[in-house]
Amino acid sequence: MTTPEEATATASAANLLGTEMALTAALRALIKTHPYPDLLAQELAQQRQFSQAHLEASPVPDKALMGFELTWALILHRDPAQDIQLVPAS
């Protein structure tokens with residue numbers, strides 16, 4: 001039997017996953033339609049490095065770093081429907 005705490009944690013995790021997927025989809029749409037994809041790719045790479053360094057220097061759980069990497073993987077992944085790489089992986 002699921003405890004109330006476990007149910008709350010499961011609901012929170014599901015909510016977070018839904019939010020992450022929605023934001024990822026929105027970012028992918030913006031990347032695909034950006035007028036300067038090379039400049040955007042450079043800026044995304046810089047922001048990713050800056051954010052990762054900030055996370056690694058912070059007292060956050062390892063799961064936060066894993067989530068960060070997973071989200072970037074979702075944003076940058078190869079789109080089989082269009083056979084394009086949205087942003088070159090850094």
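Just so you know, the residues in each chain are numbered from 1, in the order the chain's sequence is written. With the structure being a predicted model, the display of local features is reserved for residues of pLDDT at least 70 and the display and counting of side-chain atom pairs for 80 or more, all residues being used for whole-chain, interface and lining totals. Excluding hydrogens and water, the side-chain values take into account all heavy atoms of the structure.

Let us now look at the overall build of the protein. Helix and strand labels come from DSSP, where a helix needs a run of H or I of at least four residues and a strand needs a run of E of at least two; each type is numbered from the N terminus. Check the secondary structure of the protein and you find three helices and two strands. Each helix (α) and strand (β) of the protein, taken in turn from the N terminus, gives the series α-α-α-β-β. With 90 residues in all, the protein has 18% of them scored as buried. A contact between two residues is defined here by any heavy atoms of the two lying within 4.5 Å. In the protein, once contacts between residues fewer than 6 apart in sequence are set aside, the share between residues at least 24 apart is 60%. For the protein, the exposed surface amounts to about 6800 Å²; the carbon and sulfur share of it is 65%. Burial classes follow relative accessibility: with a 1.4 Å probe on protein chains only, a residue under 20% of its type's maximum area counts as buried, one over 50% as exposed, and anything between as partly exposed. The method behind every accessible area is Shrake-Rupley, applied with a 1.4 Å probe, and residues are considered shielded solely by the protein chains displayed.

Moving on to the side chain of threonine 24. Looking at the element boundaries, threonine 24 is found in helix α1 (residues 4–33). For threonine 24, a relative accessible area of 4% translates into the label buried. Residues within four places of threonine 24 in sequence aside, it is in contact with Thr71, Leu74 and Ile75.

Confidence per residue, as judged by the predictor, is encoded in pLDDT with a range of 0 to 100. Of the residues in the protein, 84% reach a pLDDT of 70 or more, and the chain-wide mean stands at 79. Taken element by element, the protein is modelled with least confidence in strand β2 (residues 84–85), mean pLDDT 51, and with most confidence in helix α2 (residues 37–57), mean pLDDT 88.

Only buried Ala, Val, Leu, Ile, Met, Phe, Trp, Tyr and Cys residues count toward a nonpolar core, and they belong to the same one when joined by side-chain atoms within 4.5 Å. Formed by Ile31, Leu40, Leu44, Leu55, Phe68, Trp72, Ile75 and Leu76, the largest nonpolar core amounts to eight residues. When contributions to this core are tallied by element, the ones reaching two or more residues are α2 and α3 (62–76). Among the elements that line this core, the one with the most residues is α3, at four residues.

Any helix carries an expected span of 1.5 Å times its number of residues minus one. For α2, which comprises 21 residues, the first-to-last C-alpha distance of 30 Å matches the rise-based estimate of 30 Å (1.5 Å per residue) to within 8%. Among all positions in α2, only Leu40, Ala41, Leu44, Arg48 and Leu55 are buried. Looking straight down α2, one finds that the buried residues subtend no more than 95° of arc, so they occupy a single side. Seen from the open side of α2, the exposed residues pointing more than 90 degrees away from its buried face are Asp38, Leu39, Gln42, Gln49, Phe50, His54 and Ala57. Our arc is simply the arc of the directions from the helix axis toward the C-beta atoms.

Two rings from Phe, Tyr or Trp (for Trp, the six-membered ring) form a pair when their centres are within 6.5 Å of each other. A pair whose planes differ by under 30 degrees is stacked, one over 60 is edge-to-face, and the rest are tilted. According to the stated counting rule, one finds one aromatic pair in the structure shown. Between the aromatic rings of phenylalanine 68 and tryptophan 72, the centroid separation amounts to 6.3 Å while the plane-to-plane angle is 65°, which identifies the pairing as edge-to-face. Here phenylalanine 68 and its partner tryptophan 72 are both found in helix α3, four residues apart, which amounts to about one turn of the helix. Since its relative accessible area comes to 12%, tryptophan 72 is described here as buried.

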